[in-house]
Amino acid sequence: NEGYKFESALCSDNKEVTWQEESNSLLIKAVTDDIACKLVFNIKNLQADINVVHGEGATTEEVKYGEAFSAIVAPSNGYDNPEIQCSNNQTAKYENNKITIEKLTADTKCTVTFVEKPLEKFNLIVKLPEDNTVTIITGTTEQKVESGKSATFTLKPNEGYKTTIN
């Protein structure tokens, strides 16, 4: 069976046997009488390698053939929504900072690449009094400002006025 590997064989009359890995066959030399053999197979241990780009959580773990595998991965600031590529036709899902392969069937390497979030921009609008009491020296009355950044306006009261900000 593909998920198992040969471990040992014990045959009657202490008959010497050889396991042929390439052909998955047992070779018993010089058979001269009835022989009974007990064969032992163990489930394969596979390796899951997770590499993370623009984040953290890279790991290498041993997993039994056919079992699910999960790892916690987290994006760096400014990154989200990963693209995931895995070897050996394995498919991984990502949800709530966890990558999961439902059934591991071969040694597998996955690369989780978090994608840069688009910069969020906000509209900033300054409404000047309609009576022309204030003039903008630098900046404009409407600006697009990136999230977390500052916007600058230089205002000058026209002659005979002073500025107060509410």
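This is a predicted model, so every value here is computed, not measured.

Draft legend 1. Representation of the overall build of the protein chain. Each helix and strand counted, the protein chain has zero helices and 17 strands in total. Whereas a compact globule of 166 residues would reach a radius of gyration of roughly 15 Å, the protein chain reaches 34 Å, over 25% beyond that. Each of the three principal axes of the protein chain carries a C-alpha extent, and together these read 120 × 25 × 15 Å. Looking at the protein chain as a whole, 19% of its 166 residues qualify as buried. Considering only intrachain contacts with a sequence separation of at least 6, the fraction spanning at least 24 residues in the protein chain is 48%. For the protein chain, the accessible surface area stands at approximately 12,400 Å², while carbon and sulfur atoms represent 44% of it. Put simply, the protein chain has 17 plus and 25 minus side-chain charges, and the middle of one group is 5 Å from the middle of the other.

Draft legend 2. Geometry of the packing of aromatic side chains. Under the counting rule described, the total for this entry stands at four aromatic pairs. Here the aromatic rings of Tyr94 and Phe114 are separated by 5.8 Å at their centres, their planes lie at 75 degrees, and the arrangement is edge-to-face. One end of the pair, Tyr94, is in strand 11 (residues 92-95); the other, Phe114, is in strand 13 (residues 108-116), and 20 residues separate them in sequence. Each member of the aromatic cluster is reached from another via a ring pair, and the members are Phe6, Trp19 and Phe41.

Draft legend 3. The sheet that holds strand 13, seen in detail. Reading across from one edge, 7-5-13-10 is the order of the four strands in this open sheet, with mixed pairing throughout. Looking at the sheet topology across the chains shown, the edges are occupied by strand 7 (59-64) and strand 10 (79-86). Direction aside, the axes of adjacent strands within the sheet are offset by 25 degrees on average. By the bridge criterion, six bridges tie strand 5 (residues 45-53) to strand 13 in an arrangement that is parallel. Across the sheet, the residue bridging to Val53 is Thr113, located in strand 13.

Draft legend 4. Focus on the nonpolar core. Counting 17 residues, the largest nonpolar core has Ile50, Phe69, Val73 and Ile99 as its most contacted members. For this core, the elements supplying multiple residues, two or more each, are strand 5, strand 8 (69-72), strand 12 (98-101) and strand 13. Sort the elements by how many residues they give to this core and strand 5 lands first, with four residues. The contact partners of Phe69, leaving out residues within four places of it in the chain, are Ala48, Ile50, Thr59, Glu61, Val63, Ile99, Thr100 and Ile101.

Draft legend 5. Molecular detail of the pairing of strand 16 (residues 142-146). The alternating pattern of strand 16 places Gln143 and Val145 on a buried face and Glu142, Lys144 and Glu146 on a face that is not buried. Bridge count between strand 14 (residues 121-125) and strand 16: five bridges; the pairing is antiparallel. Counted as the bridge partner of Asn123 is Lys144 from strand 16.

Draft legend 6. Main features of unusual backbone geometry. Positive phi, normally seen in glycine, also occurs at Asn89, with a value near 60 degrees. Here Asn89 lies in the loop between strand 10 and strand 11. In this structure, Asn97 takes a positive phi of about 60 degrees despite not being glycine. Inspection of the secondary structure assignment puts Asn97 in the loop between strand 11 and strand 12. You can call Asn97 partly exposed: its relative accessible area is 31%.

Draft legend 7. Structural context of the environment of Lys156. Among the secondary structure elements, Lys156 is positioned in strand 17 (residues 154-157). C-alpha of Lys156 to C-alpha of Ile137: the two residues are 19 residues apart in sequence and 6.6 Å apart in space. The contact partners of Lys156, leaving out residues within four places of it in the chain, are Thr133, Val134, Thr135 and Ile137.

Criteria and thresholds
- Residues numbered from 1 in each chain as written.
- Predicted model: local features only at pLDDT ≥ 70, side-chain atom pairs only at ≥ 80, totals over all residues.
- Heavy atoms only, no water.
- Helix = DSSP H or I, 4+ residues; strand = E, 2+ residues; numbered from the N terminus.
- Rg over C-alpha atoms; globule rule 2.2 N^0.38 Å.
- Buried < 20%, exposed > 50% of the residue type's maximum accessible area, 1.4 Å probe, protein only.
- Contact = heavy atoms within 4.5 Å.
- Areas by Shrake-Rupley, 256 points an atom, 1.4 Å probe, with all protein chains shown as cover.
- Lys, Arg positive; Asp, Glu negative; His and termini not counted.
- Charge placed at Lys NZ, Arg CZ, Asp CG, Glu CD.
- Phe/Tyr/Trp six-rings, centres within 6.5 Å; stacked < 30°, edge-to-face > 60°.
- Pairing = 2+ DSSP bridges.
- Axes fitted to C-alpha atoms, helices over the stretch in contact; angles between N-to-C directions.
- Core = buried A, V, L, I, M, F, W, Y, C linked by side-chain atoms within 4.5 Å.

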